[in-house]
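What follows is each chain in one-letter form.
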Amino acid sequence: MLIRTIQTDTLFSSVYDSRSSMGYAAAEAAASAIRAVLERKETANVIFAAAPSQNEMLESLLRQDLDFSRINAFHMDEYLGLGLDDSASFICYLTKHLFGRVTFRTVNLIPAKRTPEAACRAYTELLKDNPPDVVCMGIGENGHIAFNDPAVADFQDPVWMKPVQLDAVCRMQQVHDGCFPTLDAVPKIALTLTVPALMQAAHLICTVPGRTKAAAVKAMLTGPIDTACPASILRSHAHAQMFLDTDSASQLLYCLLYTSDAADDRI
């Protein structure tokens, strides 16, 4: 059930009473955005995030009325050196939850076992040939989008993909998510789409459940638009929607109780 809708600059955030209702609403919004693209083009290019935060949204997306055979699928990041045969890879996650369950027109995997330069060049060429229409994403505990952590995020990045060193908060999130047993087991380098590569899509659907994301959500919506919280850039996108549950919105809702603008749900 929808509890509250909040507008921050051009970003609309919707708070739901459960992860399941949040995921269903996000999937409906993603499907609507994809269908709008397919009404004017033969194919749609969609970038997906790979994280447990996306579980409910992806499961619901599979049940939407969508012609997946007209969708070119991409993903936004991958650990350097990992591939489909590595259970901790994002390729493995997306194959299990999405890519292996329906027939897409194409599934384009980041070639993370190549050298960083070769992998970034190859994937950039693919994206430039198929510019993204819709991005289904989340945010990190440190406010990152994809693997653009605060220390490496660049809102004017000249490249579409780059190798990055992951910060400790980002790596610990992977432990919190149950993807790795310890911090030492989490890879330190990954390949990521940059902020401009994500922001160029016509539609951004951001799904963010969980109490561990509450501080990042609050910073994203109440602080400045700044690389200190990379996700704050979504507030400048013309067609971005964020879907929260009561856990991820908890600090934000508490903050709104003490702001004069709370009555009209604007920050």
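Above this text sits the structure in question.
Presented here is a report on the structure given in the accompanying data block. Fair warning: this is a prediction, and the values are worked out from it, not measured in the lab.

### Comments concerning helix H3 (residues 90-99)
Within H3, 7 of the 10 residues are buried, which leaves the element mostly enclosed by the surrounding structure. Contacts from the buried residues of H3 go to strand S3 (44-48), helix H2 (55-61), strand S4 (71-75), strand S5 (77-79), strand S6 (106-108) and helix H5 (168-176).

### Remarks on the pattern of salt bridges
The final tally for this structure, using the stated rule, is 10 salt bridges. Residue Asp9 pairs with Arg235 through a salt bridge whose shortest N-O separation is 2.9 Å. A residue pair is termed long-range when its members are at least 10 positions apart, and Asp9 in the loop between strand S1 (2-8) and strand S2 (11-16) and Arg235 in the loop between helix H7 (214-222) and strand S11 (240-245) qualify at 226 residues. Among the residues examined, Asp9 registers a relative accessible area of 39% and is labelled partly exposed. When its relative accessible area of 9% is taken as the criterion, Arg235 is described as buried. The shortest N-O distance in the salt bridge between Lys113 and Asp86 comes to 3.9 Å. Highlighted residues: Lys113 in the loop between S6 and helix H4 (116-129) and Asp86 in the loop between S5 and H3, separated in sequence by 27 residues. With relative accessibility at 51%, the residue Lys113 sits in the exposed group. Look at Asp86 and you get partly exposed, because its relative accessible area is 22%. Among the charged side chains, a network of salt bridges with common partners joins Glu59, Arg63 and Arg101.

Quick notes on the rules
- Residues numbered from 1 in each chain as written.
- Predicted model: local features only at pLDDT ≥ 70, side-chain atom pairs only at ≥ 80, totals over all residues.
- Heavy atoms only, no water.
- Buried < 20%, exposed > 50% of the residue type's maximum accessible area, 1.4 Å probe, protein only.
- Helix = DSSP H or I, 4+ residues; strand = E, 2+ residues; numbered from the N terminus.
- Contact = heavy atoms within 4.5 Å.
- Salt bridge = Lys/Arg side-chain N within 4 Å of Asp/Glu carboxyl O.

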